[in-house]
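Observations on the three-dimensional arrangement
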Amino acid sequence: MGLTSRSLLYATAAAAVVCVGLTLWLWPRFAGRGPRAVLGRLGAIVATQLTIVATLGLAVNANFEFYASWHELLGLYDDAPAAVGKWGNGGTAGPVGDPSKGLVQASGPDGLDKVHGVPKGPPDQVGRVESVRIVGKRTRVVDGAYVYLPPQYFQPQYARQRFPVVVALSGYPGGTFLLGQHLRLPQTAGGLIRTGRMQPTVIVMMRPTIAPPRDTQCVDVPGGPPAETFFARDVPDALKSHYRVGHDPGGWGVLGYSSGGSCALQLAMRHDRTYTAAAALSPDYKVSNDPTTGNLFGDGRDRIRRRQEHDLMWRLRHLPMPQVNVLVGTSRTGEKNYPAAREFLSAVRAPMTADSIVLDHGSHNFATWRRELPAALQWMSKSLTFPEDVVGNS
């Protein structure tokens, strides 16, 4: 049974109920003082606690999808990018991620069937959300995505029109599912587009963790996962090859919350010829090693330079300003990053521009990010240029 399967959750819940019932029934037999009675009481308590905790843990994981499989939970995917990168040797059915099948490939639901409120009905009236896998032609990384296509994408008058695109990144260790179910990104964007407060936009929802369970922080790790190249080059190329999205950087933005927000700022400021706008909700402003990341910068002579270049405050002080627009979401109380956000915003100079969403109170959670999301999407819509190029023109 899969880690997120309902059958496993129900079986564990049933085991918890049975353990509680047996404990109540057998407890009088363990009322003595002898070793057998003491061991019986301990065994009953341990079995009951374990089954209850396991049930709660499975329920929380099924709801938030922190880990999608037993392999991720047990940390067995350290070499995932290298394994995925072993493309076929001329066989008729290559391994997962075979680029001969396209850089964007249809996939199973990957949790999309559990997301409440996704568009249902004629696509030309309500839009559509697709579950796909994106294959990196340079990095040979494969990552899942939900792709929201607005109603206009399917309407005859827009048949040759390309659309602006926003790449949306979840935090760590969350997955794509959280962007749909808890951030409610496609539902919110659909409502804004329907009421004319946001231009029709393709939204690509992904998790930045390309080598679970490792948190790669959108960094090209020396000898490890090339996360930055994947999101800065492979993802845009794959999307342009499959969807009617703009080819000019003016139509491309990146959005994220928590560590996904950190990635959004990093990608836009380091790759302003790919993304010209970034909206970051509760981000950090530099990349640091910790137990979930491992050594992100390597042990070579350039490790200090690499670390500095992923420190956004260092970049603002020592490198030319990138020509990008950024938006930062924070709260005066309830979040620890407010002082860092003020320092970052104050350091921005032309041609870079910076705006902010500052709540009086907000915590590092989805309730806060959902409050900020409509304003962030409308800001993004104003920051991106609706593509002038159409299908058939280079």
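The structure under discussion appears in the preceding block.
This report concerns the structure included in the present document. Just so you know, these numbers come straight off a predicted model, no measurement behind them.

Regarding unusual backbone geometry
- Here the residue pair Pro-212 and Pro-213 is connected by a cis peptide bond, since its omega of 5° sits within 30 degrees of zero.
- Within the element layout of this structure, Pro-213 appears in the loop between strand 5 (202–206) and helix 8 (227–242).
- Going from Ala-350 to Pro-351, the amide bond is cis rather than trans, its omega being 10°.
- Structurally, the position occupied by Pro-351 is in the loop between helix 12 (338–347) and strand 9 (353–361).
- Within the chain, Gln-217 stands out as a residue other than glycine whose phi angle is a positive 55°.
- Looking at the element boundaries, Gln-217 is found in the loop between strand 5 and helix 8.
- In this structure Gln-217 comes out as buried when scored by relative accessible area, which is 12%.

Quick notes on helix 8
- Look at helix 8: 21 Å from first C-alpha to last across 16 residues, which is about the 22 Å you get at 1.5 Å a residue.
- At Asp-234, helix 8 shows its largest kink, close to 35°, and the proline Pro-236 lies no more than four residues downstream.

Quick notes on the nonpolar core
- In this structure, Ile-134 and Phe-344 are the most contacted members of the largest nonpolar core, which totals 52 residues.
- Broken down by element, the residue count for this core peaks at seven residues, all from helix 8.
- What Ile-134 contacts, discounting residues up to four positions off in sequence, is Leu-103, Val-104, Val-141, Val-142, Asp-143, Ala-145, Val-204, Met-206, Phe-230, Val-235, Ala-238 and Leu-239.

Let's talk about the state of the cysteines
- According to the stated counting rule, one finds one disulfide in the structure shown.
- Across a sulfur-sulfur distance of 2.2 Å, Cys-218 and Cys-263 are joined as a disulfide pair. Its S-S torsion of about 105° marks the bond between Cys-218 and Cys-263 as right-handed, since a negative value means left-handed. With Cys-218 in the loop between strand 5 and helix 8 and Cys-263 in helix 9 (residues 259–270), this pair connects stretches of sequence that are 45 residues apart.
- By relative accessible area, which is 2% here, Cys-218 ends up buried.

Quick look at the pattern of salt bridges
- For the structure on display, the rule yields nine salt bridges.
- Note that Glu-130 is salt-bridged to Arg-128, the shortest N-O span being 2.7 Å.
- Look at Glu-130 and you get buried, because its relative accessible area is 18%.
- One salt-bridge network, held together by shared partners, links Lys-137, Arg-138, Asp-234 and Asp-237.

Thresholds, definitions, all that
Residues numbered from 1 in each chain as written. Predicted model: local features only at pLDDT ≥ 70, side-chain atom pairs only at ≥ 80, totals over all residues. Heavy atoms only, no water. Helix = DSSP H or I, 4+ residues; strand = E, 2+ residues; numbered from the N terminus. Buried < 20%, exposed > 50% of the residue type's maximum accessible area, 1.4 Å probe, protein only. Expected span 1.5 Å × (residues − 1). Bend = angle between axes of the 7 residues up to and from the residue. Core = buried A, V, L, I, M, F, W, Y, C linked by side-chain atoms within 4.5 Å. Contact = heavy atoms within 4.5 Å. Disulfide = S-S within 2.5 Å. Salt bridge = Lys/Arg side-chain N within 4 Å of Asp/Glu carboxyl O.

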